[in-house]
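# Overview (structure and organization)
Below are the chains, spelled out letter by letter.
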Amino acid sequence: MKTASRILGTAFFLEGFEVQDAPRYGAERRGAPISAYVRASHREIKERGIIRDPSLVIVADETLVPMPAAGVFLGLSAQTMLLIHSREAPEVWRDRLNVEGPIRTLSPPGEDRDRLAWRHIGTVCAAAGARLVGVVSREALAASLKQELAGLNAASLEENLDHARWAYDLMEPGQGRVAPGRWLSAEAFPRPEWVDLQYEDARVAAPAIHAAMTSEQVETGLWRTRRPVIDPAHCKRCWWLCSTYCPDSAIRVDESGRPQIDYAHCKGCMVCVAQCPNHAIDMIPERVEPNAAMAGKDS
Amino acid sequence: MSETRFKTVRNLPPDHLLGTGTAMCAGCGGLEALHQIYDILGEKTVFINAAGCMTLLAVYPFTPFRGSWLYTAMASAPAGAQGVRDALDILLERGRMTAAEDLQTVVLTGDGAAYGMGLSATSGAIERGLDFLYICYDNEGYGNTGQQTSGATPHGAGTATNKGALGYPGDKKDLFAIWAAHRPAYVATVIGAEPLDLARKVEQAMQLTGPRLILALAPCPTGWGFDPDATVQLGKLAVETGVWPLKESRGGKTMHTKVPKKRLPVEDYLKCQGRFAHLFVPERKDSVLLEIQAKIDAYWGAVECHGAVDP
């Protein structure tokens, strides 16, 4: 998404806009939600920091929609267009999310639901966004891609250009439908919601955790793009292997000596699949059922 | 050396103490080593954690530990350990805690702190004979901030601060030798890909008092550029190519615990990592590859001359 914001930002810039684009990381970890912002204007931009009233919100990964940490709904208003990379129809999302603004979906090409196949998602999102705002030409988009993806080889760049053209064309019915944002004056800018904390003794003020293993409440299973599945017919119950190698302690051995994968926490690194001497662990694409993901359960 | 309770892999603990749900990357070699070490150390530990990737293990209000964890600045984990050990000793002395309730003081840092910023505080703690165990998860760079070069970065590796055609021009600092030169109670290298060797060394360390180092090479999918599923495979390659010698030192004497019978060419280890890709494409940098291989051969040549003992 950082790359997507750069592609869109540079495309705006090539069209003569003043631009800001910036990624925003939460936990700096593989699998953690990431978002990025683009601001573009013909006037000097004096706003700084995150965008509080977006005109367009693009969601590349629909499983992030229900995650508060992803902040998909931050500042969403009736004027904000929501573009979701999803096979579900816009009406389904409208029912599900109960938002007033326009919703569009961008259905991933092909039948493959393997999330690893979404290699060009950044380019696709940037190109779709460029068409929806309506002021970025096809040429500026292509020039921006060539500039931002200069490190790729010629074949990869061409693939990205193809995907960009596809997404740009697909969004034609929505061309220019994104409403420009309001011009904020410094006076209108909301004051930060500071909470004054009085200086306390360290015994009171230090963020002490008084319970053990509370991290188990964090469902890192949501990070997974691929799922390891143990085939009980082939498992020789040499439990020490997968269970010891699993970096996340997410494989436990039950009383009968059978390893059990904790899908609420397995991050999908596939170390167990690579190390199982009997090849008894299969790897399948993670098929996220949006309804299950909404409920925070994915196993 | 006393009898080990870890004779075969079947003696490794079936239950794991470290909680799930941490923010470490999928396939983290450091977390793999830590969870194996924690299983041997047991619950009666207090971790003193310097800033680094594993700072994010315990982010309020979540912790994967069963006991206490204290966060310190990057350079001062051994000083924090001194404070904790002193406090425990005072409680013991005043009878406010029984010997059975005593805790092991365990420093946990990455290589940025262990090889660089924290070295002065570490040297001082060893000098004072502080009774503590120091665990370093060494992913050969400042991984938490995007893999900048650290004192542990190996020769030729590409990092966020060495993006040139030849990578990092310096050499990996020999932290094992730096520690061993202080004549501490125990120094050992381990890796999560060799859990039995790791368990025996942690067991050894626990039977001793004084300053002890467990130095774990931590294959890092994010910083080194490989698929998370290859963490163990890469760890085994580090041992089999001789890049990461498994050894221990006590009483001034160093023993190698696993000498690869026929060392694989170091290329096997380098070519599966993105941080060394520039040594192979667009053209092979034979001079660098030969130089890296020659250094490994020289190390093992000297070891083999003296049996499994360091020269």
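An account of the accompanying structure is given in this report. (Residues numbered from 1 in each chain as written. Chains lettered and ligands numbered in written order. Predicted model: local features only at pLDDT ≥ 70, side-chain atom pairs only at ≥ 80, totals over all residues.)

Summing up its helical and strand segments, chain B has ten helices and eight strands in all. Principal-axis analysis of the C-alpha atoms gives chain B an extent of 70 × 45 × 40 Å. Scored against the burial criterion, the 311 residues of chain B give a buried share of 50%. Within chain B, contacts between residues at least 6 apart in sequence are counted, and of these 68% link residues at least 24 apart. (Helix = DSSP H or I, 4+ residues; strand = E, 2+ residues; numbered from the N terminus. Buried ≥ 20, exposed ≤ 12 C-beta atoms within 10 Å, placed from the backbone. Contact = placed C-beta atoms within 7 Å.)

A word on the environment of B:Leu198. Residue and element names in this part refer to chain B. Its location among the elements puts Leu 198 in helix α6 (residues 195-206). C-alpha separation for the pair Leu 198 and Leu 246, spaced 48 residues apart in sequence, amounts to 9.2 Å. If sequence neighbours within four positions are ignored, Leu 198 has contacts with Ala 33, Gln 36, Ile 37, Val 190 and Gly 192.

Looking now at the nonpolar core. Core analysis: the largest hydrophobic core is formed by 104 residues, its most contacted members being A:Cys272, B:Ile37, B:Val106, B:Ile135, B:Ile214 and B:Ala216. In terms of residue count, helix α1 (residues 29-41) of chain B provides more of this core than any other element does, seven residues in total. B:Ile214 has contacts with B:Ile37, B:Leu133, B:Ile135, B:Ala188, B:Val190, B:Lys201, B:Val202 and B:Ala205, leaving out every residue within four places of it along the chain. Formed by 40 residues, the second largest nonpolar core is a distinct cluster that contains A:Ala40, A:Ile84, A:Leu145 and A:Tyr168. (Core = buried A, V, L, I, M, F, W, Y, C linked by C-beta atoms within 7 Å.)

A word on the packing of helix α1 (residues 2-14) of chain A against helix α4 (residues 138-148) of chain A. Residues and elements named next belong to chain A. For the pair α1 and α4, the least separation of the axes is 8 Å and the interaxial angle reads 130°. Taken together, the axes of α1 and α4 lie oblique to each other. Here α1 runs over α4; the crossing is right-handed. Where α1 approaches α4, its residues Thr 3, Arg 6, Ile 7, Thr 10, Ala 11 and Leu 14 are matched on the opposing element by Ala 140, Leu 141, Ala 143, Ser 144, Leu 145, Gln 147 and Glu 148. Of the residues assigned to the contact of α1 with α4, the class counts are seven nonpolar, four polar and two charged. (Axes fitted to C-alpha atoms, helices over the stretch in contact; angles between N-to-C directions. Parallel < 35°, antiparallel > 145°, perpendicular 65-115°, else oblique. Left-handed = near helix turned anticlockwise from the far one by under 90°. Nonpolar A, V, L, I, M, F, W, Y, C, P; charged D, E, K, R; others polar.)

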